[in-house]
Amino acid sequence: MSVDDVTMPRLSDSMEEGTVLAWRKQVGEEVALGEEIVEIETDKANMGYEADVAGTLLEILVGENESAPVGAVIARVGDPQAAGPVTAGDPPPPPVAEASSATVPPTVPPAAPAPAADGTGPGRVKASPLARRVASERGVDLATVTGSGPGGRIVKKDVESAPPSPSRSFSRPVRQKEQPAEAPTSAAHPETAKGTVEVVELTRLQQVVARRMAESKATAPHFYLTAEVDMTAAVAARARIKEISAEGEAVPSFNDMVVKACAIALRRFPRANGSYKDGHIELHSRVNVGIAVAAEGALVVPTVFDADRKGLREIAAEARALAAKVRDGSVTPPELSGATFTVSNLGMFGVRGFGAIVNSPQAAILAVGEIAERPVVRDGEIVPGRVMEITLSCDHRILYGAEGAGFLAAVRGLLEEPVGLAL
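Just so you know, these numbers come straight off a predicted model, no measurement behind them.

So, how was this worked out
- Residues numbered from 1 in each chain as written.
- Predicted model: local features only at pLDDT ≥ 70, side-chain atom pairs only at ≥ 80, totals over all residues.
- Heavy atoms only, no water.
- Helix = DSSP H or I, 4+ residues; strand = E, 2+ residues; numbered from the N terminus.
- Buried < 20%, exposed > 50% of the residue type's maximum accessible area, 1.4 Å probe, protein only.
- Pairing = 2+ DSSP bridges.
- Expected span 1.5 Å × (residues − 1).
- Arc of directions from axis to C-beta.
- Contact = heavy atoms within 4.5 Å.
- Axes fitted to C-alpha atoms, helices over the stretch in contact; angles between N-to-C directions.
- Parallel < 35°, antiparallel > 145°, perpendicular 65-115°, else oblique.
- Left-handed = near helix turned anticlockwise from the far one by under 90°.
- Nonpolar A, V, L, I, M, F, W, Y, C, P; charged D, E, K, R; others polar.
- Salt bridge = Lys/Arg side-chain N within 4 Å of Asp/Glu carboxyl O.
- Polar contact = N/O pair within 3.5 Å; in protein donor to acceptor, adjacent residues only side chain to side chain.
- Phe/Tyr/Trp six-rings, centres within 6.5 Å; stacked < 30°, edge-to-face > 60°.

## Thoughts on the environment of Arg 309
- Along the chain, Arg 309 falls in the loop between β15 (303-304) and α6 (312-328).
- Judged by its relative accessible area of 65%, Arg 309 is exposed.
- Each C-alpha atom, one on Arg 309 and one on Val 287, is 8.6 Å from the other, the two residues being 22 residues apart in sequence.

## As for the sheet that holds strand β3 (residues 30-31)
- In spatial order, the strands read β1-β8-β6-β3; together these four strands make up an open sheet with antiparallel pairing. Either end of the sheet is taken by a strand with one partner, and the two such strands are β1 (3-7) and β3.
- Across five bridges, the pairing between β1 and strand β8 (residues 73-78) is antiparallel. Within β8, the residue paired with Asp 5 across the bridge is Arg 76.

## A word on helix α3 (residues 204-219)
- Taking 1.5 Å per residue, 16 residues should reach 22 Å; α3 reaches 22 Å between its end C-alpha atoms and fits that length.
- When we look at burial in α3, the residues that qualify are Arg 204, Val 208 and Ser 216. End-on view of α3: buried residues confined to an arc of 95°, all on one side of the axis.
- Lining the buried residues of α3 we find β2 (17-23), β4 (36-41), β7 (67-69) and β9 (222-230).

## Topic: the packing of helix α5 (residues 254-268) against helix α7 (residues 401-416)
- In contact at an axis separation of 9 Å, α5 and α7 are set at 135° when each is read in the N-to-C sense. The angle between α5 and α7 places the two elements in the oblique class. Note that α5 runs across α7; the crossing there is right-handed. Of the residues in α7, those touching α5 at Met 257, Val 258, Ala 261, Cys 262, Ile 264, Ala 265, Leu 266 and Arg 268 are Phe 407, Ala 410, Val 411, Leu 414 and Leu 415.
- Each residue belonging to the contact of α5 with α7 can be placed in one class, and the counts come to twelve nonpolar, no polar and one charged.

## Quick look at the packing of α5 against α6
- Orientation of α5 relative to α6, taken along the N-to-C sense of each, is 115°, at an axis distance of 9 Å. When the axes of α5 and α6 are compared, the crossing they make is right-handed. For the pair α5 and α6, contact is made by Asp 256, Met 257, Val 259 and Lys 260 and by Leu 312, Ile 315, Ala 316, Ala 319 and Arg 320, respectively.
- When grouped by side-chain class, the residues that make up the contact of α5 with α6 number six nonpolar, no polar and three charged.

## A word on the pattern of salt bridges
- Under the criterion given, the structure shown has 17 salt bridges.
- A salt bridge links Arg 211 to Glu 215; the nearest nitrogen and oxygen atoms lie 3.8 Å apart. On the criterion of helical spacing, the pair formed by Arg 211 and Glu 215 is a turn pair, its members being four residues apart in helix α3.
- On the basis of relative accessibility, which here comes to 42%, the residue Glu 215 falls in the partly exposed class.
- Lys 325 is the partner of Glu 335 in a salt bridge, and the nearest nitrogen-oxygen pair spans 2.7 Å. Here Glu 335, found in the loop between α6 and β16 (341-345), pairs with Lys 325, found in helix α6; they are ten residues apart in sequence, far enough to count as distant.
- Via salt bridges that share partners, Asp 5, Glu 59 and Arg 76 belong to a single interconnected network.

## Focus on the pairing of strand β17 (residues 364-378)
- In the sheet, β16 pairs with β17 via four bridges, with the strands oriented parallel. For Asn 345, the partnering residue across the bridge sits in β17 and is Val 368.
- Across 13 bridges, β17 lies against strand β18 (residues 381-395) in antiparallel orientation. Its bridge partner being in β18, Glu 373 is matched across the sheet by Arg 386.
- Counted along the chain from β17 to the antiparallel partner β18, the turn is two residues long, and its residue Asp 379 has a positive phi close to 55°.

## What about the side chain of Lys 310?
- Looking at the element boundaries, Lys 310 is found in the loop between β15 and α6.
- The buried category is assigned to Lys 310, whose relative accessible area is 14%.
- Among the polar contacts made by the side chain of Lys 310, one reaches the main-chain carbonyl oxygen of Phe 305 at a distance of 2.8 Å.
- If near-sequence neighbours (up to four positions away) are discounted, Lys 310 is found in contact with Lys 260, Val 304, Phe 305, Ile 315 and Glu 318.

## A short note on the packing of aromatic side chains
- Tallying each qualifying case throughout the model produces two aromatic pairs.
- Pairing Phe 269 with Phe 407 gives two aromatic rings, centres 6.5 Å apart and planes at 85°, and the pair type is edge-to-face. Taken together, the residues span a long stretch of sequence, with Phe 269 in the loop between α5 and β10 (274-277) and Phe 407 in helix α7 at a distance of 138 residues.
- Overall, Phe 269 belongs to the partly exposed group, its relative accessible area being 26%.
- The class for Phe 407 is buried, based on a relative accessible area of 1%.
- Ring plane angle 55° and centroid distance 5.4 Å describe the contact between Phe 341 and Phe 407, whose orientation is recorded as tilted.

Here is the structure:
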């Protein structure tokens with residue numbers, strides 16, 4: 001058996017580098033094909049990585065809480081007879097011109113197996129990556145926690161409500177960014193007219209969001225189109241759907257209606273479903289709508305795939321499941337990838353309207369405001385109505401004013417006559 005490199009995997013289409021959160025195997029332990037060996041933090045989620053080779057873990061090159069670019073070697077797995085003695089702290093050996101000419105020591109002294117970072121053995125407890133991280137930091141034995149997630153999976157809230165295990169020892173250190181900041185001293189943080197300064201380090205996800213939004217605003221020439229939608233018929237339609245729905249059946253929200261309306265309109269206006277990349281426009285065959293969800297300290301955008309082919313109830317059920325996964329930390333990178341358009345809704349916070357930043361390389365993003373009672377004109381008379389403001393932010397390299405206006409008009413028409421959402 002040869003020695004194989006384990007490289008930093010690309011776990012999402014936008015991933016550039018990853019951070020090793022915890023090694024599930026230690027140097028000297030056997031690794032089976034398909035067995036999870038490392039938990040990795042990406043720009044979108046935390047995810048366990050399963051080995052695509054089998055053998056003995058010979059060397060760990062990227063330690064816990066260390067980062068590496070996609071494709072970089074993070075460990076080596078293979079036959080102990082095919083490599084020299086290495087340990088987790090050793091630097092990588094110098095490259096050789098030909099494997100056949102390298103001098104190979106006879107054996108590798110196996111290191112004593114160390115406990116897994118989450119305190120579990122071969123019969124591994126089902127838990128989300130975020131739940132494992134929180135358990136590791138709080139000293140909670142996952143074997144003593146009852147999971148409330150799908151199939152009994154342990155999620156973050158289960159760990160937070162569980163008492164710590166005083167006798168449990170765990171090797172994983174608290175990440176530097178999660179350590180409480182020391183009280184500011186007068187020398188390091190002098191008093192100013194603004195008071196003392198508290199420095200808050202951004203999480204990895206916040207850093208990625210900040211960089212991408214800055215890049216989008218700086219490189220994509222934005223323009224904005226705003227329209228008011230009379231939601232009176234949509235409000236009545238949703239009330240009727242709620243009346244006839246069986247107990248436990250998903251009732252579409254107004255945001256679900258917006259997602260469906262956008263999906264239909266995207267099929268009619270394919271450039272709005274495109275993206276700008278390397279000086280050319282890519283038009284996508286699938287209509288995948290991303291839904292902006294407020295997570296802890298960041299904004300995460302899970303994807304409703306093929307939204308144009310799904311009914312309102314299916315979109316409603318899927319959107320709720322995705323939002324729940326975002327909030328408990330169990331959402332996976334594939335669920336956060338592949339969106340061709342994005343909807344961002346702040347109406348629940350009483351926001352009348354706003355202009356969102358395009359989620360590059362997408363062509364546009366729709367910002368949705370609150371539904372409020374306002375006077376509207378019908379048949380020449382002023383009557384009370386339920387009005388919602390929507391703003392389409394467009395990348396002018398892909399969409400021009402007329403196409404953007406046509407798309408927005410289609411969305412408005414579908415929402416004002418919601419029977420079209422069911423066709």
